[in-house]
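Observations on the model geometry
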Amino acid sequence: MRIYGNRRIVTIPGDQVRPTPARVREAIFNIWGDRLAAAHWLDLCSGNGTMGAEALCRGAARVVGVEKWGRACGVIRQNWQGLAQAEQSFEILRGDVVQVLPKLAGQGFDLIYFDPPYGAGLYEPVLMLLQNLGLLKPGGILAVEYDSRQWRPEQFQAWDCDRTKVYGNTAIAFYRASF
């Protein structure tokens, strides 16, 4: 697979990981454009780590990925090590996203990307945890990828869903911290 700057990254063959389609990935990074420079990025349910890899290529200062599958964590580490510059840092946390998120309490992220397995029932618990733990910095943006046939974005107490984009069956809801 190729990402920003025509860089090649390793991916896991087969259908155990569902990568974000290239046109969706491109659209998200175009929307976030200038916000990426020096951003702290959180990549939830990282899969191959493609989104975090692209964030590093586009200048994020720190990227943290959370992924349950050990094999995927190895691929993410390999890719991110090959892309990160000396001034950038990254961390990959292995485990269930609901159990790992509390370990990040006290850290703030400018941009959060959440792309869970569509049928896993993770949307509400993870969004509530992100909100309760205050992981999205004031002015930060959270993007949630979902199958438009299976889930609908909701308003949450401290966040406004200010934009949705639909690309076939894949959709992205953008939440902005409203405090």
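Residues numbered from 1 in each chain as written. Predicted model: local features only at pLDDT ≥ 70, side-chain atom pairs only at ≥ 80, totals over all residues. Heavy atoms only, no water.

Remarks on helix α2 (residues 50–57)
Where burial is concerned, most of α2 is hidden: eight out of the eight residues are buried. The set of residues buried in α2 consists of Thr50, Met51, Gly52, Ala53, Glu54, Ala55, Leu56 and Cys57. One or two steps after α2, the chain reaches Gly59, where phi turns positive at roughly 105°. (Buried < 20%, exposed > 50% of the residue type's maximum accessible area, 1.4 Å probe, protein only. Helix = DSSP H or I, 4+ residues; strand = E, 2+ residues; numbered from the N terminus.)

Digging into the environment of Gly119
Turning to its location among the elements, Gly119 is positioned in the loop between β6 (109–114) and α5 (123–133). In this structure Gly119 comes out as exposed when scored by relative accessible area, which is 76%. Sequence-wise, Gly119 and Trp151 are 32 residues apart; in three dimensions their C-alpha atoms are separated by 9.2 Å.

Let's talk about the pattern of salt bridges
Taken as a whole, this structure holds seven salt bridges when the rule is applied. Close ionic contact of Asp162 with Arg176 constitutes a salt bridge, the shortest N to O distance being 3.0 Å. You can see Asp162 sitting in strand β8 (residues 159–167) and its partner Arg176 sitting in strand β9 (residues 170–177), a full 14 residues away along the chain. The class for Asp162 is partly exposed, based on a relative accessible area of 42%. The class of Arg176 is partly exposed, set by a relative accessible area of 33%. One salt-bridge network, in which partners are shared between bridges, spans Arg25, Glu54 and Arg58. (Salt bridge = Lys/Arg side-chain N within 4 Å of Asp/Glu carboxyl O.)

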